[in-house]
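The chain contents come next:
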Protein chains: 4
Amino acid sequence: MISIRKRTFEILDIGKKQDRLSRVIDIFLVVLISLNVLSVILETLPALSDRYHGYFQAFELFSVLIFTVEYLARVWCSVEDDELKRHSPLMARIRYMLTPMALIDLIVILPFYLSMFVTVDLRFMRVLRLLRVFKLTRYSSSMTLLLQVLQRESRSIAAAMFVLFMLIIVASSLTYFAEHDAQPEAFSSIPAAMWWAIITMTTIGYGDVVPVTVMGKILAAIIGIMSLGIVALPAGLLASGFSEALRQRRRTYEKMVDQVLQDGYVDDYEQKALNQMRESLGITQEEAAHILHTNQTRKQEQDLERDLQTLRREMEAVKEDRCPHCNHTVHWLERRKDRNEDPE
Amino acid sequence: MISIRKRTFEILDIGKKQDRLSRVIDIFLVVLISLNVLSVILETLPALSDRYHGYFQAFELFSVLIFTVEYLARVWCSVEDDELKRHSPLMARIRYMLTPMALIDLIVILPFYLSMFVTVDLRFMRVLRLLRVFKLTRYSSSMTLLLQVLQRESRSIAAAMFVLFMLIIVASSLTYFAEHDAQPEAFSSIPAAMWWAIITMTTIGYGDVVPVTVMGKILAAIIGIMSLGIVALPAGLLASGFSEALRQRRRTYEKMVDQVLQDGYVDDYEQKALNQMRESLGITQEEAAHILHTNQTRKQEQDLERDLQTLRREMEAVKEDRCPHCNHTVHWLERRKDRNEDPE
Amino acid sequence: MISIRKRTFEILDIGKKQDRLSRVIDIFLVVLISLNVLSVILETLPALSDRYHGYFQAFELFSVLIFTVEYLARVWCSVEDDELKRHSPLMARIRYMLTPMALIDLIVILPFYLSMFVTVDLRFMRVLRLLRVFKLTRYSSSMTLLLQVLQRESRSIAAAMFVLFMLIIVASSLTYFAEHDAQPEAFSSIPAAMWWAIITMTTIGYGDVVPVTVMGKILAAIIGIMSLGIVALPAGLLASGFSEALRQRRRTYEKMVDQVLQDGYVDDYEQKALNQMRESLGITQEEAAHILHTNQTRKQEQDLERDLQTLRREMEAVKEDRCPHCNHTVHWLERRKDRNEDPE
Amino acid sequence: MISIRKRTFEILDIGKKQDRLSRVIDIFLVVLISLNVLSVILETLPALSDRYHGYFQAFELFSVLIFTVEYLARVWCSVEDDELKRHSPLMARIRYMLTPMALIDLIVILPFYLSMFVTVDLRFMRVLRLLRVFKLTRYSSSMTLLLQVLQRESRSIAAAMFVLFMLIIVASSLTYFAEHDAQPEAFSSIPAAMWWAIITMTTIGYGDVVPVTVMGKILAAIIGIMSLGIVALPAGLLASGFSEALRQRRRTYEKMVDQVLQDGYVDDYEQKALNQMRESLGITQEEAAHILHTNQTRKQEQDLERDLQTLRREMEAVKEDRCPHCNHTVHWLERRKDRNEDPE
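Residues numbered from 1 in each chain as written. Chains lettered and ligands numbered in written order. Predicted model: local features only at pLDDT ≥ 70, side-chain atom pairs only at ≥ 80, totals over all residues. Heavy atoms only, no water.

1. Brief notes about the overall build of chain A
Counting its regular elements, chain A contains 15 helices and zero strands. Relative to its full complement of 344 residues, chain A shows a buried share of 44%. Taking the intrachain contacts of chain A between residues at least 6 apart in sequence as the baseline, contacts between residues at least 24 apart amount to 63%. Summed over all atoms, the accessible surface of chain A reaches about 19000 Å², with 62% contributed by carbon and sulfur. (Helix = DSSP H or I, 4+ residues; strand = E, 2+ residues; numbered from the N terminus. Buried < 20%, exposed > 50% of the residue type's maximum accessible area, 1.4 Å probe, protein only. Contact = heavy atoms within 4.5 Å. Areas by Shrake-Rupley, 256 points an atom, 1.4 Å probe, with all protein chains shown as cover.)

2. Concerning the environment of C:Thr175
Residue and element names in this part refer to chain C. Note that Thr 175 resides in helix α10 (residues 154-179). Thr 175 sits in the buried class, given a relative accessible area of 0%. The spacing of Thr 175 and Ile 223 is 48 residues in sequence and 9.8 Å in space, taken between C-alpha atoms. With residues up to four places along the chain from it excluded, the contact list for Thr 175 reads His 180, Phe 187, Trp 196, Leu 219 and Ile 223. Only 2.6 Å separates the side chain of Thr 175 from the backbone oxygen of Ala 171, close enough to count as a polar contact. (Polar contact = N/O pair within 3.5 Å; in protein donor to acceptor, adjacent residues only side chain to side chain.)

3. A short note on unusual backbone geometry
All names here are of chain B. Unusually for a residue other than glycine, Thr 203 sits at a positive phi of about 60°. Looking at where Thr 203 falls in the secondary structure, it is placed in the loop between α11 (190-201) and α12 (214-260). A residue is classified by how much of its surface remains accessible, and Thr 203, at 12% relative accessible area, is buried.

4. Here's the deal with helix α2 (residues 20-43) of chain A
Over its 24 residues, α2(A) runs 34 Å from end to end, which matches the ideal 34 Å to within 8%, given 1.5 Å per residue. Buried residues of α2(A): A:Ser22, A:Asp26, A:Leu29, A:Leu32, A:Ile33, A:Asn36, A:Val37, A:Ser39, A:Val40, A:Ile41 and A:Glu43, and no others. (Expected span 1.5 Å × (residues − 1).)

5. Quick look at the side chain of B:Glu70
Assignment of secondary structure puts B:Glu70 in helix α4 (residues 53-77). B:Glu70 gets classed as buried once you look at its relative accessible area, which sits at 6%.

6. Topic: the nonpolar core
In this structure, A:Trp196, A:Met201, B:Trp196, C:Trp196 and D:Trp196 are the most contacted members of the largest nonpolar core, which totals 256 residues. What A:Trp196 contacts, discounting residues up to four positions off in sequence, is A:Ala171, A:Thr175, A:Phe187, A:Val209, A:Val210, A:Pro211, A:Ala220, A:Ile223 and B:Tyr206. (Core = buried A, V, L, I, M, F, W, Y, C linked by side-chain atoms within 4.5 Å.)

7. Quick notes on the pattern of salt bridges
Residues and elements named next belong to chain A. Under the defined criterion, the tally for this structure stands at 51 salt bridges over all chains. Its salt-bridge partner being Glu 43, residue Arg 126 comes within 3.9 Å of it at the nearest N-O pair. On the criterion of sequence distance, the pair formed by Arg 126 in helix α8 (residues 122-130) and Glu 43 in helix α2 is long-range, its members being 83 residues apart. Of the two residues, Arg 126 and Glu 43, neither departs from the other in class, the shared state being buried. (Salt bridge = Lys/Arg side-chain N within 4 Å of Asp/Glu carboxyl O.)

8. Details of the packing of aromatic side chains
All names here are of chain D. Within the structure shown, the criterion is met by 20 aromatic pairs over all chains. Summarising the aromatic geometry, the rings of Phe 112 and Tyr 113 are spaced 5.5 Å apart at their centres and angled 90° between planes, so their arrangement reads as edge-to-face. By relative accessible area, Phe 112 is classed as buried at 17%. Looking at Tyr 113, the relative accessible area reads 28%, which means it is partly exposed. (Phe/Tyr/Trp six-rings, centres within 6.5 Å; stacked < 30°, edge-to-face > 60°.)

9. Some thoughts on a nonpolar patch on the surface
Residues and elements named next belong to chain A. Taken together, the side chains of Leu 110, Tyr 113, Leu 114, Met 116, Phe 117 and Val 118 make up a nonpolar region of the molecular surface, amounting to roughly 610 Å² of accessible area. Looking at the secondary structure, you find Leu 110 in helix α7 (residues 110-117). What makes Leu 110 partly exposed here is its relative accessible area of 39%. (Patch = residues over 30% accessible without salt bridge, like charges linked within 9 Å, V, L, I, M, F, W, Y side chains within 5 Å.)

10. Details of the confidence of the model for chain A
Residues and elements named next belong to chain A. Residues with a pLDDT of 70 or more make up 80% of chain A, whose mean pLDDT is 79. Across chain A, the element-wise mean pLDDT spans from 41 in helix α15 (residues 330-341) up to 94 in helix α11 (residues 190-201). Per-residue pLDDT stays below 50 along residues 329-344; that stretch engages in 25 contacts with residues further than four places along the chain or on separate chains. Here the prediction assigns the complex a pTM of 0.77, and the interface score ipTM is 0.74. (pLDDT = per-residue confidence, 0-100.)

11. Some remarks on the environment of C:Met125
Residue and element names in this part refer to chain C. Inspection of the secondary structure assignment puts Met 125 in helix α8 (residues 122-130). Between the alpha carbons of Met 125 and Ser 115 there is a distance of 8.9 Å; along the sequence they are ten residues apart. Apart from the residues within four sequence positions on either side, Met 125 is in contact with Pro 111, Phe 112, Ser 115 and Val 120.

12. A few points about the packing of helix α2 (residues 20-43) of chain B against helix α8 (residues 122-130) of chain B
All names here are of chain B. Taken N-terminus to C-terminus, the directions of α2 and α8 make an angle of 150°; their axes are 9 Å apart at the nearest point. In terms of orientation, α2 lies roughly antiparallel with respect to α8. Of the two possible hands of crossing, α2 and α8 adopt the one that is left-handed. Seen from α2, the contacting residues are Ser 39, Val 40 and Glu 43; seen from α8, they are Arg 126, Arg 129 and Leu 130. A per-class count over the contact of α2 with α8 returns two nonpolar, one polar and three charged. (Axes fitted to C-alpha atoms, helices over the stretch in contact; angles between N-to-C directions. Parallel < 35°, antiparallel > 145°, perpendicular 65-115°, else oblique. Left-handed = near helix turned anticlockwise from the far one by under 90°. Nonpolar A, V, L, I, M, F, W, Y, C, P; charged D, E, K, R; others polar.)

13. Comments concerning the packing of α8(A) against α10(C)
Between α8(A) and α10(C), the shortest axis-to-axis distance is 11 Å and the interhelical angle comes to 180°. On the basis of the axis angle, α8(A) is roughly antiparallel to α10(C). When α8(A) is examined against α10(C), the residues A:Arg123, A:Arg126, A:Val127 and A:Leu130 are found in contact with a partner set consisting of C:Ile169, C:Val170, C:Ser173, C:Leu174 and C:Phe177. Classifying every residue of the contact of α8(A) with α10(C) by side-chain character gives six nonpolar, one polar and two charged.

Right, dumping it as structure tokens:
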């Protein structure tokens, strides 16, 4: 019984890519989630929704069934997780059920069962079904990477957001006072002016609300130019954080390659370990090959360089009558002579 | 009397977060300012403004009272400030009253008192009330950071602005000459064309003014492509300045952690000092924990590495019959032998 | 026969810029391709297309003829390529014909010959003719550079695209549910809402579809602000990858200049080698001159610095009665004195 | 006579800011140029142009007079320029007249004199008058900096432009084929579609031309997402180039401060030299003070650190009975003892 639970946990766990069955299940679930998202999207097309209503419903039923089984299996075998093992089985399962991913797993199936007993708003149910797209997070290393970056850069992004927020308030208020009389409908209140301010500051500029007074236009021009700098802040911070995180992953891999190359070549066992690391870090095969090649070349160059330097130093030392170890020439020889002359 | 003044100064001063009363007052003021800003915004919604007119007025009265007390208290105890202490009390207070933050504190309460004696334009009063949002600057480390970055990068931003300014003049003038005849209203003058030029160059593109002649479209296309580079300059400079400033703060903290870890562990007193620094630099607890952990690990690695190298060197020296200090073998031994043979 | 084939290969091969005939042919082909693209573009102008119909057709005939000859020549002499030499002539040619560039060469002439036998849709033929623009890729070092960068950064760009894709799905679905009732035409389905979402998130903001409900506007504002960061990711990654690749090219050149300057000056043979490398790396003459000058200056400075330091050390040593090699004074002198006193 | 010419050259030359008269003339010319630009702009406002027609004309006359005198003076004393001195006076003047700045100086006054003899189109004359704004380039260090950066990064910007150009051609052609039938006016030809493509790819998005077919919308979405990366390239390259150039200037100044601080303090002569360099590099006084302070602090820290290390090493050496210079203990002492025992 326990061995089945352990096996189930291994299969559902992401990352163990050597395990063929686990991989098949992963791919099956990713495809199912993607089809679910596609189905929610296509169901909104009247042409399709009318003709294939039955198919959509059948697919929804099938999906909910699978996701329910998946959810129950995950809860059941969550006690195998190393981090939850120290708790009692019940406690471990409750703790697992409260993790964000498990909550999403629950939320995306719950409305279906609820609709059996109470009437649930159809639109609300569709929104909840759409949340299934977040189940993909588990399988996407880029999504996890982005979440990491967001967490690490959270402070500076919050800072940029605070500045942006203040700028929006000031911009919308001033423009409200400038435009309210000329356009009492578009700039009916400061919250209404905020819509204009945000669409302007993000440089989207729909053109549905545009200042018409000279004062409003001057304000909009200043706000437009200022927002160029302020609005670009979160973008710049996120981009640099993202590229830094990617570089770190590459460096971690390079370090391992370096250690592996200490003895000059890569044996079968080391190759396997490198492969595993490459996959867990999400580095492409081309990139890995490039890193390996670069390191090998550099190592060979360094060896060559070292040999050459030693040779050169020894040759010069011989030429100039010096000790090749510490370059003291005259003194050693003089002393030798001194000493040689000493006994005489 | 003086001890009360000192205490008031401590309470109103930001940064001393160990002081519970100071913290409560800080939070109270931040909430009050935020509610004030919210109230100015909501008052512009006719539905709310009509129904809750009395509440808004009462809240305004209450706010002005508090802000007046705050302002007077700040001016009164400003003589306790280390930088102003060397002046006479009167001089210190005048100097304090001329600082930007004190001026804002005054401006946001003044119109209320003025309106008792003279009729002040209601709209102008609202704009001044909205300035209360800048009172938040005192409590936001991100705002202070941004102001620092703006000051440090001021030259390069001014340079980018000058280039942008020249491009706007040239772009609006040329397009004015190209479009004036076709659209005499939208491009009625160069200042009018500037509105179009700025909205185009910031890539907002409302679409309220659009060139229609072939020449105007070609000019707009060239301007659009050129502005991609020029307009991005201030954004890029600000973003890099901001992220550099954040990195510097982190480095300062890392340096302190480094010093604290010299003896290998962190005692209670050091922990307290680190906490204080962390707060004043505005670093999150997660980040601080990460930095501490990284430094500890690195220190242990370095120690291990050093021990290992010493061991390795000594072993090799022993193996090859050399002095472990400078690797001279042959000479020492030879000389020793020389000397040993000397007395013989 | 074989020598003619070798010569043809050399002429058609890019990069050998010392070869005058090869250069002339290169320029001729680049001009012809550019004129072809221009001709496809101008042919869509009714005024030109009607009046010069004959000229356009004649030019098309001439171009296809040249491109056919070029294609056949390339296939014929592809066996001279070092990478394909190890295959049999037939195999080498088939392999060459399957390379992306060879396929493009074929596709852009094929429809002309097909139209002799079957009726081909005129619009489709024009699109294929337009593909001739990609023949320029072969001659543009910047295009090859961009493709390299795209390949190297492919993973992080794919990651950013995945995040963007999820954001588009969530944004369009939520806005669909918010706006569908108010604007049943513009937001008729989620795919229709996607058009709005993409135009908003790329900050293009045409304004043809704009949310009108309060909920839709709040969603749009949040999406607009979020997309500032997410959408800038691929841009930032690409820009940093591009500038990194350019820096690497410069470094490679600097390294070569460094080696060439080891002996202090640049002779005729080295100058030629540098020129060839400069061209193949795509570095301008001004930049190359700048690099050369900087390196020369640095080298001279380093030499000077080294000489100066030696001199200074020797002078101090003499002044303070110490050995210039290791600064031991007292011991040497004392010992000398010891020794000198020894025999006495 | 020659001394007057030399003096005139000094006065007109930029950069010698110690010279009061030169400074006054500089400021006068900058103000005059700015007023000229302002006058061209304001003249297009009908209200102003009608009422103050006479003033505008008088100011134009006065400006042309001054600019003519300036131009003649610059040509006359150009022989004093160090770079032109080796030519004959006539040749030097012709060479000077062909420099870009001298050509601009000529072009902005020429139309006035031409209009005396032939009828010149008024609009064309205004455009030429507007070119006076470029006379400011001479006085703006940021403009010169930008030109330097543009020159240095010219290759990579050209590369990005080529890619952008190809993307525009492909995007406009494909969308033309998709939209031509649905919107025969907006997408009347590929050049017409290019207007849409450029406005879309620069994310301006006026909304005057918008695809309506499903195919056109899909193409526009793809183009919009792709352009996010491609279009950001020149911006990123320019921004990084600009910030790199600013950093280099700062480094140059820091290096000089370093040299000046070698002896520990800054005397009057050094202060003057630093000031001159600061001005020529365009570094603000605050920044210079910051750099000076940082370097002084670092130097003091380094001195302290060095003293401390020496002390520590000596103490340890004494403690462990070793030579403080090279850590050889046992050997020296043993040998000493050996020698001391020798005579015995």
